[in-house]
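Listed below, chain by chain, are the residues.
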Amino acid sequence: MSAVMITRKVRKWEKLPGKNTFCCDGRVMMARQKGVFYLTLFLIVGTCALFFAFECPYLAVHLSPTIPVFAVVLFLFVMAMLLRTSFSDPGVLPRALPEEASFIEMEIEAANGNVPAGQRPPPRIRNVQINNQIVKLKYCYTCKIFRPPRASHCSICDNCVDRFDHHCPWVGNCVGKRNYRFFYLFTLSLSLLTIYIFTFDIVHVVMRSVDSGFLNALKETPGTVLEVLVCFFTLWSVVGLTGFHTYLISLNQTTNEDIKGSWSGKNRVQNPYSHKNIMKNCSEILCGPTYPSVLDRRGVMQQGDSPSLTTAATPSSTSDSTVPQTTKPTAPLIPNEHTPDDAKPSIATSTEISTSLTEESESTAHKVPPLASPETDVEASIAKAAAH
């Protein structure tokens, strides 16, 4: 009986730590809390569906056929930016391997070796210089790494995110280095779509009121009232959010840095990432390169399953009538292995092997008869021939 370890190939996303969910074999990455994201989809799709059903047919005939066309283009762009923000890796940083974490712990303990007993060790911080400005790198006790500049640990997704801006429940994902551009384009296009639908809802009601009166116009288009209410309450929050992020982009700043007041100017601390130019800051964030993911979510790794027991077949000894039977030791020369027939010891070394096996068997109270020597076999053959 021998144990055989069965290995199977699994994708790396199946073993990634953190509180994320994956779909489409790791291509889609989201947070586990997606209830508000479904509400966002419902509001956008539902409001646009009512607009296409009640307003667009009338406006296309009485005003311009380009109104529904532009609305469709704007709706598709909003959905594309929303899904791109929600389904992408925001810039999650991989956690340290056990060997890397142990090495970092050893470095920290060596640096804090002179701390007197009973005193609190200093915080785990490393200083780096960026544009002649000292920036502190904080140690993450969950990921076991020193976070890069502008990175932070999201408590909802339980991951360190590079250039962490904030966790947005409306898109069901963190907003970071890799999807901030698409998040901003989503808020900007959604603001335009909300203003567009709200404006033409009012135009539609006014044009119908001229022909049949205000009450009759509302009765003919029952979905218009619901659209106006949704757009009215959505308009202030979405447009305000877009304006706030436009302000942050102009300063090359994140929401997390703005809330903490990292570059508020106190203690003469300035933002080392700002180019001191609005156009350069906007160009870097909106027109800069798209950074690749460092997770390798769809990479393949080997995983061992529980060992299974297999029985190895032992070749049976065959008896020959012309050759006298001799007792052969069944114990293998190497533990857990069977000696093949072509690897049996030669006659010259059989005596030494027999002696060692005999001594071992006597010490363990197991008797194994020694191998027959060649001289004894020759004498027996001569005596048998003389008798005949």
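Residues numbered from 1 in each chain as written. Predicted model: local features only at pLDDT ≥ 70, side-chain atom pairs only at ≥ 80, totals over all residues. Heavy atoms only, no water.

**Q** What should I look at first to understand the pairing of strand 5 (residues 125-130) in this one?
**A** In the case of a regular strand, side chains alternate between the two sheet surfaces. Sheet topology note: the strand 5/strand 6 (residues 133-140) ladder contains six bridges and is antiparallel. In the strand pairing of strand 6, Asn-127 is matched with Lys-136. Hairpin connection, strand 5 to strand 6: the antiparallel pair is bridged by two residues, and Asn-131 has positive phi, about 50 degrees. (Pairing = 2+ DSSP bridges. Helix = DSSP H or I, 4+ residues; strand = E, 2+ residues; numbered from the N terminus.)

**Q** It is not clear to me how the packing of aromatic side chains should be interpreted in this structure. Could you clarify?
**A** Both the distance between ring centres and the angle between the ring planes are used here to describe each pair of aromatic rings. Summed over the entire model, instances satisfying the criterion amount to 13 aromatic pairs. Geometrically, the ring pair formed by Phe-232 and Trp-236 is edge-to-face, given 6.1 Å between the ring centres and 85 degrees between the ring planes. Taken as a pair, Phe-232 and Trp-236 lie in helix 6 (residues 222-251) at a separation of four residues, close to a single helical turn. Take Phe-232: its relative accessible area is 38%, and that puts it in the partly exposed class. Since its relative accessible area comes to 60%, Trp-236 is described here as exposed. By the ring-pair criterion, three or more aromatic residues cluster together here, those being Phe-51, Phe-52, Phe-70, Phe-75, Tyr-196 and Phe-200. Note that Arg-163 overlies the ring of Tyr-180, its terminal NZ or CZ placed 5.3 Å from the centroid. (Phe/Tyr/Trp six-rings, centres within 6.5 Å; stacked < 30°, edge-to-face > 60°. Buried < 20%, exposed > 50% of the residue type's maximum accessible area, 1.4 Å probe, protein only. Lys NZ or Arg CZ within 6 Å of the ring centre and 35° of its normal.)

**Q** What's the story with the nonpolar core in this structure? I'm lost.
**A** In terms of nonpolar packing, the biggest core is built from 35 residues, with Ile-44, Phe-51, Phe-186 and Tyr-196 touching the most fellow members. Excluding residues that lie within four positions of it along the chain, Tyr-196 makes contacts with Phe-51, Thr-66, Ile-67, Phe-70, Ala-71 and Leu-74. (Core = buried A, V, L, I, M, F, W, Y, C linked by side-chain atoms within 4.5 Å. Contact = heavy atoms within 4.5 Å.)

**Q** Please clarify how the pairing of strand 3 (residues 20-23) should be interpreted in this entry.
**A** Only one face of strand 3 is covered, namely the one carrying Asn-20 and Phe-22; the face carrying Thr-21 and Cys-23 has none of its residues buried. Hairpin connection between strand 3 and strand 4 (residues 28-31): a loop of four residues separates the two successive antiparallel strands, and Cys-24 in this loop has a positive phi of roughly 55 degrees.

**Q** Just checking my understanding: could you explain the pattern of salt bridges for this structure?
**A** As enumerated under the stated definition, the model contains six salt bridges in all. Where Asp-25 meets Arg-11, a salt bridge forms, and the shortest distance between an N and an O atom there is 3.5 Å. Of this pair, Asp-25 sits in the loop between strand 3 and strand 4 while Arg-11 sits in strand 2 (residues 7-11); the two residues are 14 residues apart in sequence, bridging distant segments of the chain. Among the residues examined, Asp-25 registers a relative accessible area of 29% and is labelled partly exposed. Look at Arg-11 and you get partly exposed, because its relative accessible area is 25%. (Salt bridge = Lys/Arg side-chain N within 4 Å of Asp/Glu carboxyl O.)

**Q** Quick question: what am I supposed to make of the packing of helix 6 against helix 8 (residues 278-287) here?
**A** For any two helices packed against each other, the geometry is given by the interaxial angle and the distance between the axes. Interaxial distance between helix 6 and helix 8 falls to 6 Å at its minimum, and their mutual angle equals 105 degrees. With respect to helix 8, the axis of helix 6 lies roughly perpendicular. Contact with helix 6, carried on its side by Ile-249, Ser-250 and Leu-251, involves Ile-278, Asn-281, Cys-282, Ile-285 and Leu-286 of helix 8 and no other residues of that element. (Axes fitted to C-alpha atoms, helices over the stretch in contact; angles between N-to-C directions. Parallel < 35°, antiparallel > 145°, perpendicular 65-115°, else oblique.)

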